[in-house]
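Residue strings, one per chain:
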Amino acid sequence: VNGDDDPQKAERKLYDALRGDLKLVLTPGEAQHAADPGRFRICFAFVERNVLEVGLEKFRGWVERHRASMGPAALAGGNGLTAPAR
């Protein structure tokens, strides 16, 4: 998902990647009028706990695989998968 100068475009690409790779749908921040791109909402009101746990485990594994493939230099420079500093 790296390489985009347009944060909204990068957010949409990340949304598409999660949906395509994991069959996991998170609500992009753009749809929630978030101030900053790259934020996603997880809605779990109508799923059983075990379904939520499976989805979160799939997401965790996906993030770990992508972080590992990027290497330390990419992570140090920010990659859209890390939380912004507060």
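Only a predicted model underlies this, so the values are computations on that prediction, with no experimental measurement involved. (Residues numbered from 1 in each chain as written. Predicted model: local features only at pLDDT ≥ 70, side-chain atom pairs only at ≥ 80, totals over all residues. Heavy atoms only, no water.)

Asks: What is the right way to look at the overall build of the protein in this model?
Replies: Regarding its fold elements, the protein presents 2 helices and 2 strands. Listing the helices and strands of the protein from first to last along the sequence gives α-β-β-α. Buried residues in the protein amount to 21% of all 86 residues. Taking the contacts inside the protein whose residues are at least 6 apart along the sequence as the reference set, 42% of them involve residues at least 24 apart. Accessible surface for the protein amounts to roughly 6,400 Å². Of this, 55% is attributable to carbon and sulfur atoms. (Helix = DSSP H or I, 4+ residues; strand = E, 2+ residues; numbered from the N terminus. Buried < 20%, exposed > 50% of the residue type's maximum accessible area, 1.4 Å probe, protein only. Contact = heavy atoms within 4.5 Å. Areas by Shrake-Rupley, 256 points an atom, 1.4 Å probe, with all protein chains shown as cover.)

Asks: Explanation requested: the pattern of salt bridges in the structure shown.
Replies: Where charged atoms of side chains with opposite charge meet at close range, the side chains can pair. According to the stated counting rule, one finds 6 salt bridges in the structure shown. We note a salt bridge from Arg49 to Glu53, for which the minimum N-O separation is 2.8 Å. Remark: Glu53 and Arg49 occur in helix α2 (residues 49-76); sequence separation between them is 4 residues, near one turn of the helix. Using a relative accessible area of 65% as the deciding quantity, one classes Arg49 as exposed. (Salt bridge = Lys/Arg side-chain N within 4 Å of Asp/Glu carboxyl O.)

Asks: It is not clear to me how a nonpolar patch on the surface should be interpreted in this structure. Could you clarify?
Replies: Residues Ile42, Phe44, Val47, Val51 and Leu56 make up a contiguous nonpolar surface patch of roughly 410 Å² in combined accessible area. With respect to the helices, strands and loops of the structure, Val51 is situated in helix α2. (Patch = residues over 30% accessible without salt bridge, like charges linked within 9 Å, V, L, I, M, F, W, Y side chains within 5 Å.)

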